[in-house]
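One-letter residues, chain by chain:
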Amino acid sequence: FVLILFCGMQTEITGSSGEMSSTIYITLIFILEIYCSFVLVFPIASVFQERKIWNPSPHLPSLSFHAHIKIYLVNAVWMALTLIGGLILLPKAVVGKLLGKGFAVQREAHFVERTTSAICTYVFLVPTVEIDGIENLPPTSEDGTSPAPVYIANHTSLIDLAVVFLLNKRLKWVSKDSVRYLP
């Protein structure tokens, strides 16, 4: 946003509004290209994180080259699909804020995450997921009167995050502060 403001101010000083809009457009494209390149780079950090989890344990097998590739692909596809979903939902959120209508996009965003999770789980990780005891979970109601249980995943791997979305429940995440910077 600082780049957009800087380019916009520079154009206002030097030229017409046509030049200003083209400069803002070019700047937005540049920012989008950088962000899209992160989709290809950040999953590498996840590969190292998974490797750190699996390698020190004498009870777990070490990760094969094939597993490293799958971890990278899961993260890259997850980030790309959520980027696309976010870009699709962005106009609705911005218009809602500008008009003061408060168009909420939480349901749609959760749908994007749940769909992305299903794609990544079934294509890259496991062909089927069996959830034992799902009948014991409280039903989800549209009016918000259902109880708010706490779902706890014994998070030992990336697979846990993907599978939790397959519960088909609206979720809020709680995590330790140090994972904020992980992709």
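What counts and what doesn't
- Residues numbered from 1 in each chain as written.
- Predicted model: local features only at pLDDT ≥ 70, side-chain atom pairs only at ≥ 80, totals over all residues.
- Heavy atoms only, no water.
- Helix = DSSP H or I, 4+ residues; strand = E, 2+ residues; numbered from the N terminus.
- Expected span 1.5 Å × (residues − 1).
- Buried < 20%, exposed > 50% of the residue type's maximum accessible area, 1.4 Å probe, protein only.
- Arc of directions from axis to C-beta.
- Core = buried A, V, L, I, M, F, W, Y, C linked by side-chain atoms within 4.5 Å.
- Contact = heavy atoms within 4.5 Å.
- Axes fitted to C-alpha atoms, helices over the stretch in contact; angles between N-to-C directions.
- Parallel < 35°, antiparallel > 145°, perpendicular 65-115°, else oblique.
- Left-handed = near helix turned anticlockwise from the far one by under 90°.
- Nonpolar A, V, L, I, M, F, W, Y, C, P; charged D, E, K, R; others polar.
- pLDDT = per-residue confidence, 0-100.
- Salt bridge = Lys/Arg side-chain N within 4 Å of Asp/Glu carboxyl O.

A. Structural detail: helix α3 (residues 43-54). The terminal C-alpha atoms of α3 lie 17 Å apart, and with twelve residues this matches the ideal 16 Å at 1.5 Å per residue to within 8%. Turning to α3, its buried residues are P43, S46, V47 and E50. For α3, the angular spread of the buried residues around the axis is 105°, confining them to a single face. The exposed residues of α3 that point more than 90 degrees off its buried face are F48 and K52.

B. Representation of the nonpolar core. Core analysis: the largest hydrophobic core is formed by nine residues, namely V74, W78, C120, F124, A162, V164, F165, L167 and L171. When near neighbours in sequence (up to four residues on either side) are disregarded, A162 contacts W78, S117, T121 and L125.

C. Representation of the packing of helix α4 (residues 65-99) against helix α5 (residues 106-125) within the structure. Remark: α4 packs on α5, axes separated minimally by 9 Å, with the N-to-C direction vectors making an angle of 160°. On the basis of their axis angle, the class for α4 and α5 is roughly antiparallel. Between α4 and α5 lies a crossing of right-handed hand. Between α4 and α5, the contacting residues are K70, L73, V74, V77, W78, L81, T82, G85, L89 and K92 on the first element and E108, A109, V112, E113, T116, S117, I119, C120, F124 and L125 on the second. Here the contact of α4 with α5 is built from residues that sort into twelve nonpolar, four polar and four charged.

D. Highlighting the confidence of the model for the protein chain. Per-chain confidence: the protein chain averages 75 in pLDDT, with 75% of residues scoring 70 or above. Confidence drops under pLDDT 50 across residues 1-15; counting only partners more than four residues distant or on other chains, this segment forms 15 contacts.

E. Inspection of the pattern of salt bridges at higher detail. If you walk through the whole model with that rule in mind, you get one salt bridge. A salt bridge links E108 to K92; the nearest nitrogen and oxygen atoms lie 2.6 Å apart. Taken as a pair, E108 in helix α5 and K92 in helix α4 lie far apart in primary sequence, 16 residues in all.

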